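Observations on chain architecture
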Amino acid sequence: MPKIAWQLRNSPTARELNGDGYSFKSSCPDARLAGSFKGDLAKSYTLTADTSFELNGKTEVQHNVLNGTFQGACPADMAPGVKKMRGGMKMKSLYINR
């Protein structure tokens, strides 16, 4: 598959598709975000993100790696978007209807 890149019009976000994933960059006046996503949401995936920002005159970088594995369909008593927390409490995502 050829490497495909595109810039979203009127947006500070750039995405680049490459094989089974993509990389992205975004910025606002006070921070920058760069990361990549590789894998398949139906099996397993890795999301890597680096956020940089100025704090007290020094550039700070936060590096995050999230590894996910599909665990199967939701149990019958859990709607899509609901998360089961430690201790058994269930929480509905605020972002499900975006």
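Before reading further, recall that the structure is shown in the block above.
Description of the structure in this document. (Residues numbered from 1 in each chain as written. Predicted model: local features only at pLDDT ≥ 70, side-chain atom pairs only at ≥ 80, totals over all residues. Heavy atoms only, no water.)

Some words on the packing of aromatic side chains
The relative placement of two aromatic rings is captured by the distance of their centres and the angle of their planes. For the record, the criterion: Within 6.5 Å between ring centres, the rings of Phe, Tyr and Trp (the latter by its six-membered ring) count as paired, and their orientation is classed by plane angle as stacked under 30 degrees, edge-to-face over 60, tilted in between. Relative accessibility decides the category of a residue: with a 1.4 Å probe and only protein chains considered, values under 20% of the type maximum give buried, values over 50% give exposed, and everything between is partly exposed.
Per the counting criterion, the structure on display carries three aromatic pairs. Taking 5.6 Å as the distance between ring centres and 25° as the angle between the ring planes, the aromatic pair formed by Phe 37 and Tyr 45 counts as stacked. For Tyr 45, a relative accessible area of 22% puts it in the partly exposed group. By the ring-pair criterion, three or more aromatic residues cluster together here, those being Tyr 22, Phe 24, Phe 37 and Tyr 45.

Structural notes on unusual backbone geometry
Most of the time, phi is negative for any residue but glycine, and the peptide bond is trans. Even without glycine at this site, Asn 56 takes up a positive phi of about 55°. Given the relative accessible area of 78%, Asn 56 is considered exposed.

Let's talk about the pattern of salt bridges
What counts, and what does not: Here, a salt bridge means any Lys or Arg side-chain nitrogen found within 4 Å of an Asp or Glu carboxyl oxygen. The helix count covers DSSP runs of H or I at least four residues long, the strand count covers runs of E at least two residues long, and both are numbered beginning at the N terminus.
One pass over the structure, following the stated rule, counts one salt bridge. Of the charged contacts in the structure, one is a salt bridge between Lys 90 and Asp 77, with a shortest N-O distance of 2.8 Å. Of this pair, Lys 90 sits in strand E8 (residues 90-92) while Asp 77 is found in the loop between strand E6 (58-69) and strand E7 (82-84), placing the two residues 13 residues apart along the sequence.

Structural notes on the pairing of strand E5 (residues 44-55)
Moving residue by residue along a regular strand, the side chains alternate between the two faces of the sheet. What counts, and what does not: Two strands pair if DSSP finds at least two bridges between them.
Of the strand pairs in this sheet, strand E4 (residues 31-39) and E5 are connected by nine bridges, and their pairing is antiparallel. Its bridge partner being in E5, Arg 32 is matched across the sheet by Ser 52. Between E4 and E5, which pair antiparallel and follow one another directly, the connecting turn spans four residues. Note: E5 against E6, 12 bridges, orientation antiparallel. Across the sheet, residue Ser 52 finds its bridge partner in E6, namely Val 61. In sequence, E5 turns back onto E6 through a hairpin of two residues, with Asn 56 there showing a positive phi of about 55°.

Topic: the environment of Leu 55
Structurally, Leu 55 can be placed in strand E5. Spatially, the C-alpha atoms of Leu 55 and Asp 30 are 9.7 Å apart, while their sequence positions differ by 25 residues.

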